[in-house]
Structures are given as C-alpha cells and as structure tokens.
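Descriptive structure summary
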Amino acid sequence: MDLISFRDLDKGTVEKIFGLAEDIDRQLERKKVDKLEGIMATLFFEPSTRTKLSFQSSAERLGLQVVDFLADRSSLKKGESFTDTIKTVDGYCDVMAMRHPAEGAARLAAEVAEAPVLNGGDGANQHPTQTLLDLYTIRKLKGKIAGLNIHLVGDLKHARTMHSLVYGLGMFGAKVTMVAPKGLELEEHMVHEAEKRFNFKMESRDSIDLKDADVLYVCRVQEERFIDKYEAAKVKKEFTISADYIRKGKKDLIIMHPLPKIDEIPPEVDAMPQAKYFEQARNGIPVRMACIKMLLEG
Ligand code: CP
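Residues numbered from 1 in each chain as written. Predicted model: local features only at pLDDT ≥ 70, side-chain atom pairs only at ≥ 80, totals over all residues. Heavy atoms only, no water.

A few points about the overall build of the chain
Under the convention used in this document: The numbering of helices and of strands both runs from the N terminus, where a helix is a DSSP run of H or I of at least 4 residues and a strand a run of E of at least 2. Partly exposed describes any residue whose relative accessible area lies between the buried limit of under 20% and the exposed limit of over 50%, with all areas from a 1.4 Å probe on protein chains only and scaled to the type maximum. For the accessible areas, the method is Shrake-Rupley and the probe is 1.4 Å, while residue cover comes only from the protein chains on display. A positive count includes Lys and Arg, and a negative count includes Asp and Glu. His and the chain ends are not counted in either. Note that the charge is assigned to NZ on lysines, CZ on arginines, CG on aspartates and CD on glutamates.
Scanning the chain from N- to C-terminus turns up 12 helices and 9 strands. When its C-alpha atoms are laid out on the principal axes, the chain stretches across 55 × 45 × 40 Å. Looking at the chain residue by residue over its 298 residues, the buried ones come to 56%. Per element, the accessible surface of the chain, about 13,700 Å² overall, is 49% carbon and sulfur. If you average the places of the 45 positive and of the 47 negative side-chain charges in the chain, the two averages end up 4 Å apart.

Dropping the structure here:
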C-alpha cells in the first residue's frame, strides 16, 4: 500500500484519513499520542521545508525513528542508479517519504520497494498529502467543502499541488474557478479528466475578482520550471494578491497557499485574519501522521 497520487484514492479512503487526522489532532492536544514502531526514511531529491520536516516531525510524534537520505552526500554521486538506491534504503526502513524532480519517480520507487512509499511531490505531477491537508484545512475552517466557491489563482500549469487539488475539490463537490496567467492555465486534459470523473464543470477567468469566493487558493509562479526566466518574472508581477483584492472579498474569505510564497502575496496580507496559510501548513502534521499510520497499519 502506497500513497503516490490523489487519483488513486476514493472518497471513502480520504474520509478515513480525515477521521484518523481528527483523532490525532485531539491526541496531540492532550499530548498523548498512540505510538507505532518502526523507521521512516526520508528521501528528498528536491528542496523542501514543509513536506520533509512535517513528515519527519509526524514520524517522530508517532514514535518512529527517522533516517534521512541526503542525495548530495550519497552514492548517487558515484553513479549509483535511482532504483538501486531505493532497493538499498528499502532494507533500512519500514516506510519511505520521498520527493523527486522527475514525474513518475515515486511510482517507480513504489514498484521496486517493499516498504510503503509516500509521494511528497514528483516533478509537476502530484503532491497527494498536500491535497489531503488542503481539504482537511478547508473542512476544518469552513465546516464543509461541498458548494464552496474556491478560486485557484497562479501558475496552474506547473503547480503539482493544483494538479492534485482539482481532483480533491471535484471529489467533494466544490465549485472551482481557475484564474491563471496566459499560457500557465491548467492543462486541458487535467481539466477534462477531473470534470468527467466527478461530473462537474470548472470555470476559467482572465482576472482576479473575489466577490463570490469563499476560499482563495494561491500558488506561486514556479520559476524553476521555466526555460525563459524573463517570462517568469513578467507573469509574477501580474499575479500579486494585494490587500485591496482581499478587502473587496467576502468577510469570511480564507486565503490558502501551499507555500513557499515569494512575491505573489505581499507581507501586509499575512496580518489579515483571512490569511490561513501557516495554519494550513501546521495541519500537515495530523494529516501526515494519519497517512503514515494508515500505511503502516495496512
Ligand atoms: N508545500 C510544500 O510542498 O512545501 P515544501 O516545498 O517546502 O515542502
């Protein structure tokens, strides 16, 4: 049992993860967490702050030990292959959390490893635990997901968080509006696949207008995935969420962002009550603890 793509999950499994995460949230409050035994290996071939540290923190809070693979200081540098690396680490752990710049790397790791694999992001493809914590956050703050107007704003083409999230929003019956710079829209095939699977229709707009939004979900322009850095800088300027935009929205609007944020949300917005992205990042703990528990307990 692995967690590689949000596409592999059905609603029952997602609800089960939310139930486990809610239990764990209560256990964390009481400082009395049910413990597991074993070792988690974290293998991050791409930079990360939240995903890596929250997986490590989650594992330790569950009583697991953590071994960390550092790609730059490993035998990859001597030419060892990815699959030989995974097969080797598989012998040293009971569960793996990994991130890799290549799409499909987590799936390949899951095929060669016996230990369950948790995908912490593979290229521009999927980031399933991010979507789980995003949905968990919306449900916790708004009490529901169905029927909410959720605006997805930013570089929807390259953001793997968005590629997983549209599935989750469709699964839970949200109304989705997409606002992306020209050329950075969500790929047509992803739109069609999500719409067909969950029998809903996503709206596209050219400009940001938050009048009807319940949730504003922003993602950064993924400069590292652009060949032309000048083009990236240009679109970054056009898609900045100013405090003025927020003031024109509903009073109970919430702003989410998978983070890291760069210039797309100016620091003045952080102090507004609508800004929930650091709370969202904290929800990574109960949700990732729930995922680890589910995989380890089968
Ligand atoms: N949201 C997220 O994936 O953050 P990191 O890149 O810091 O892990």
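Focus: the sheet that holds strand 8 (residues 215-219)
Where strands meet in a sheet, backbone hydrogen bonds hold them as pairs that are either parallel or antiparallel. Under the convention used in this document: Two strands qualify as a pair provided that DSSP identifies no fewer than 2 bridges between them. Helix axes are fitted to C-alpha atoms over the stretch in contact, other axes to C-alpha atoms as well, and angles between N-to-C directions run from 0 to 180 degrees. The contact criterion used is simple: two residues touch if any of their non-hydrogen atoms lie within 4.5 Å.
Read across the sheet, 5 strands follow the order 7-6-5-8-9 without closing on themselves; strand pairing throughout is parallel. Of all the strands in the sheet, the pair left with one neighbour each is strand 7 (203-205) and strand 9 (254-256). Taking the axes of each pair of neighbouring strands and ignoring which way they run, one obtains an average angle of 20° across the sheet. Of the strand pairs in this sheet, strand 8 and strand 9 are connected by 3 bridges, and their pairing is parallel. Residue pairing in the sheet places L216 in a bridge with I255 of strand 9. Those strands touched by helix 5 (residues 128-142) are strand 5 (149-154), strand 8 and strand 9, and its axis lies near 170° from that of strand 9.

Quick notes on the nonpolar core
Across soluble globular proteins, you tend to see nonpolar side chains buried next to one another. Worth spelling out the cut-off: Take the buried residues of types Ala, Val, Leu, Ile, Met, Phe, Trp, Tyr and Cys, join any two whose side-chain atoms come within 4.5 Å, and each joined set is a nonpolar core. An automatic or database domain assignment supplies the start and end points of every domain.
Counting 62 residues, the largest nonpolar core has M40, L118, L132, L152, L169 and M202 as the members making the most contacts within it. In terms of residue count, helix 12 (residues 284-297) provides more of this core than any other element does, 8 residues in total. Counting contributing residues per domain, this core is built from domain 1 (6-126 + 282-297) and domain 2 (128-280), each supplying no fewer than three. Among all residues touching L118, those that are not within four sequence positions of it are L3, M40, F55, V95, M96, A97, M98, T129, C291, I292 and L295.

Things to note about the sheet that holds strand 2 (residues 65-70)
Taken in spatial order, the 4 strands of this open sheet run 2-1-3-4, and their pairing is parallel. On the outer flanks of this sheet lie strand 2 and strand 4 (117-122), each paired with one strand and no other. The mean angle between the axes of side-by-side strands here comes to 15°, regardless of whether they run parallel or antiparallel. In terms of strand pairing, strand 1 (residues 39-44) meets strand 2 through 6 bridges, oriented parallel. By the bridge assignment for strand 2, A41 is matched with V67.

Examining helix 6 (residues 160-171)
Since the α-helix advances by 3.6 residues per turn, residues separated by three or four positions end up pointing in the same direction. Threshold: Here a helix's expected span is defined as the number of its residues, less one, multiplied by 1.5 Å.
Given a rise of 1.5 Å per residue, 12 residues ought to cover 16 Å, and the 17 Å separating the end C-alpha atoms of helix 6 matches this to within 8%. For helix 6, the buried fraction is high: 12 of the 12 residues fall into the buried class. Along helix 6, the positions that sit buried rather than exposed are R160, T161, M162, H163, S164, L165, V166, Y167, G168, L169, G170 and M171. Phi for G173, located one or two positions after helix 6, is positive at around 75°.

Notes on the site of the ligand
The condition that has to hold: Summary of the distance rule: residues count as near a molecule or strand when at least one heavy atom falls within 4 Å of that molecule or strand. In the analysis that follows, any N or O atom pair within 3.5 Å is treated as a polar contact, provided that within protein one partner can donate a hydrogen and the other can accept it, and provided that, for residues neighboring in sequence, both atoms belong to side chains. By the convention adopted, Pro, Cys, Tyr, Trp, Phe, Met, Ile, Leu, Val and Ala count as nonpolar, Lys, Arg, Asp and Glu as charged, and the other residues, Gly among them, as polar.
Contacts to the ligand come from S48, T49, R50, T51, R99, H127, Q130, P258 and L259. The contact in question runs from an oxygen atom of the ligand to an N or O atom on the side chain of H127, over 2.9 Å. Within the backbone of L259, a nitrogen or oxygen atom sits 3.0 Å from a nitrogen atom of the ligand. Contact with the protein chains hides 91% of the accessible area of the ligand, taken as 260 Å² for the molecule alone. When its residues are assigned to classes, the shell around the ligand shows 2 nonpolar, 5 polar and 2 charged.

Structural notes on the packing of helix 5 against helix 6
Two quantities define a packed helix pair, namely the angle between the helix axes and the distance between the axes. Using the following cut-off: Convention used here: angles under 35 degrees read as roughly parallel, angles over 145 as roughly antiparallel, angles from 65 to 115 as roughly perpendicular, and any remaining angle as oblique. Put simply, a crossing is left-handed when the front helix is turned counterclockwise from the back one by less than a right angle, and right-handed when it is turned clockwise.
It is the contact of helix 5 with helix 6, at a shortest axis distance of 8 Å, that shows an interaxial angle of 50°. One way to sum up the angle between helix 5 and helix 6 is to call them oblique. Where helix 5 crosses over helix 6, the handedness of that crossing is right-handed. Where helix 5 approaches helix 6, its residues P128, Q130, T131, D134, L135 and I138 are matched on the opposing element by T161, S164, L165, G168 and L169. Taken together, the residues that form the contact of helix 5 with helix 6 break down as 5 nonpolar, 5 polar and 1 charged.

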